[in-house]
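Tertiary structure, described
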Amino acid sequence: MTQSISWWRQPTFWNQALAVLVSLYILGLFLPGLPKLENFALYGAVLICLFGGRWRTGLRELAHPLVLMLLALLGWLFLTATLSDDPALSLTEYRRSFKDYFLIFLPLMFVLADETGRRLLARLIAFVGVVIVFANGMQYVHEWLTDPSRLLNIKAHRGWGHPLVFLLPFALMQMRLSTGRESRLWLLLALTEGTMIIATGARGAWLAMLAVILIWAVAGFNRKQLLRLAAGSLVLLLVAYFALPPFLLRDRIEKGFDTSSRTTGTWGPAIEMMDERPTLGFGFGKETFNREFNSRVPEREAWSIKHSKGPHSIYLEAGFAGGYPALAGIVLLFGAIAAYGYLGIRRSRLLEDRFFVLAATSAFVGFYLTRGAMETIRWSPLIILLGIIVYASRSPADK
């Protein structure tokens, strides 16, 4: 007599739960004020991964060249943090930025190795964009109802540009894989994300979005879909620009070009300080950079910004923290991620897998290669994109 197995004892249930937790972890990375969600999803995923030998699935990926390059960069940043003037501060910020890398990687790789879990994760990441759009939209509504003058504060929505740029490619992925009404709904989400990116007034976000769209225009769409996306984008942007109140969109676009000179206010000072310690840098973290910047600014008349706003570049952040070896390391790592992303696109046999890695690669190009060159952005989401590209770039015989 065959006994029925309770749903909670079935491996497929926990495999799908693992995909859900990874997607909730991604949501937690970007939703402000919800560290408990991020931690719940992270430690829940780790716990599930420990049972049934799931953690073994991703062990062989630790030998992937991208993972080895990442570990080398993190190892160097850890060494320079311990040798810095304030190792306690540097190591605290280092742990805060990178501790998740060593916890989420194995659960992520198990999900990616399972076809059902991989497709579920891809769809859930795209759906995270719905949550982000809703949260950002509710902030606009709250400002409008309580104090419309707050809509003039261009910085109030700048932070939303990060998840919107990161998630836009996954909305495009779902639009490409769907048909009919569902495809049009994903198109609407992508257009809404694009409009909100423009409304942030952040030039780095605009350029990142442009990079994402160009990659998809070349690699991800047929002519009909490309024309539909272009027409929809043009109509929506024109309506938003001319029909909405100027302070809601038009002024934000104009203010996006009204920024302090990076050459004398952020990038320039960061490079000058790197030259002071070209080998080991000053140690990792925003607080370390701010301390060193603010201590020097009274004597540097050429610096146009008199109170630190950070290096405004993830490349220069790494270079300041670990010297020119770290700068070279991050440039090589990012170049390799883009190259392996292209390899993963070519090696993917299934259309769903091809567009999944295309979404991850274009998100990386937009979020890290493009916006990361102009702004200081979070390191945490990198491991998600790298993990997807690592799996996709494996030889088809090894999958």
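Just above, that's the structure.
Residues numbered from 1 in each chain as written. Predicted model: local features only at pLDDT ≥ 70, side-chain atom pairs only at ≥ 80, totals over all residues. Heavy atoms only, no water.

1. Describing the pattern of salt bridges
Under the convention used in this document: One speaks of a salt bridge when a side-chain nitrogen belonging to Lys or Arg is within 4 Å of a carboxyl oxygen belonging to Asp or Glu. Numbering goes from the N terminus for both helices and strands, where a helix is a DSSP run of H or I of at least four residues and a strand is a run of E of at least two. In this scheme, a residue with accessible area under 20% of its type's maximum is buried, one over 50% is exposed, and one in between is partly exposed, where area comes from a 1.4 Å probe on protein chains only.
Under the criterion given, the structure shown has 13 salt bridges. When the shortest N-O distance is used, the salt bridge between Glu 276 and Arg 296 registers 2.8 Å. With Glu 276 in helix α13 (residues 267-276) and Arg 296 in helix α14 (residues 286-296), this residue pair connects regions lying 20 residues apart in the sequence. Judged by relative accessible area, Arg 296 falls into the buried class, the value being 13%. Residue Glu 375 pairs with Arg 371 through a salt bridge whose shortest N-O separation is 2.9 Å. Of the two residues, Glu 375 and Arg 371, neither departs from the other in class, the shared state being buried. A single network of salt bridges, built from pairs that share partners, joins Asp 86, Glu 276, Arg 291, Glu 292 and Arg 296.

2. So, the nonpolar core
In plain terms, the rule: The term nonpolar core refers to a set of buried residues drawn from Ala, Val, Leu, Ile, Met, Phe, Trp, Tyr and Cys, joined through side-chain atoms within 4.5 Å. Here a residue-residue contact requires only that any non-hydrogen atoms of the pair lie within 4.5 Å.
Phe 170 and Phe 334 are the most contacted members of the largest nonpolar core, which totals 113 residues. Per-element accounting of this core gives the leading share, 14 residues, to helix α15 (residues 314-347). Once you skip the residues sitting within four places of it in the chain, Phe 334 turns out to touch Ile 314, Tyr 315, Phe 364, Tyr 368, Leu 369 and Leu 382.

3. Describing the environment of Ala 302
Following the sequence through the fold, Ala 302 ends up in the loop between α14 and α15. Residue classification places Ala 302 among the exposed positions, given a relative accessible area of 60%. In sequence terms Ala 302 and Pro 269 are 33 residues apart; their C-alpha atoms lie 9.2 Å from each other.

4. Considerations on the environment of Leu 37
Tracing the sequence through the fold places Leu 37 in helix α2 (residues 35-50). Taking the C-alpha atoms as reference, Leu 37 lies 7.2 Å from Leu 24; in sequence the two are 13 residues apart. For Leu 37, the contacting residues outside a window of four places in its chain are Leu 24, Leu 27 and Gly 28.

5. Details of the packing of aromatic side chains
Here is the rule we go by: Each Phe, Tyr or Trp ring, with Trp reduced to its six-membered ring, pairs with another whose centre is within 6.5 Å; inter-plane angles below 30 degrees give stacked pairs, above 60 give edge-to-face pairs, and intermediate values give tilted ones. Placement of a positive charge over a ring is assigned whenever Lys NZ or Arg CZ falls within 6 Å of the ring centre and within 35 degrees of the normal to the ring plane.
As enumerated under the stated definition, the model contains 22 aromatic pairs in all. Aromatic side chains Phe 282 and Phe 320 sit 4.8 Å apart centroid to centroid with 10° between the ring planes, which places their arrangement in the stacked category. One end of the pair, Phe 282, is in the loop between α13 and α14; the other, Phe 320, is in helix α15, and 38 residues separate them in sequence. Each of the two residues, Phe 282 as well as Phe 320, counts as buried. Site record: aromatic cluster; members linked through ring pairs are Phe 30, Phe 166, Phe 170, Tyr 315, Phe 334, Phe 356, Phe 364, Phe 367 and Tyr 368. Residue placement shows Arg 354 over the ring face of Phe 355; its charged tip is 5.5 Å from the ring centre.

6. Some words on the environment of Ser 380
Note the following rule: Polar contacts, as used here, are pairs of N or O atoms within 3.5 Å; protein pairs need one atom able to donate a hydrogen and one able to accept it. Residues neighboring in sequence count only if both atoms are side-chain atoms.
With respect to the secondary-structure elements, Ser 380 resides in the loop between α16 (351-374) and α17 (382-392). Each C-alpha atom of the pair Ser 380 and Tyr 101 lies 7.3 Å from the other, and the pair is 279 residues apart in sequence. Excluding residues that lie within four positions of it along the chain, Ser 380 makes contacts with Leu 29, Ser 97, Tyr 101 and Tyr 368. Here the side chain of Ser 380 touches Arg 378 through a polar contact of 3.5 Å, side chain to side chain.

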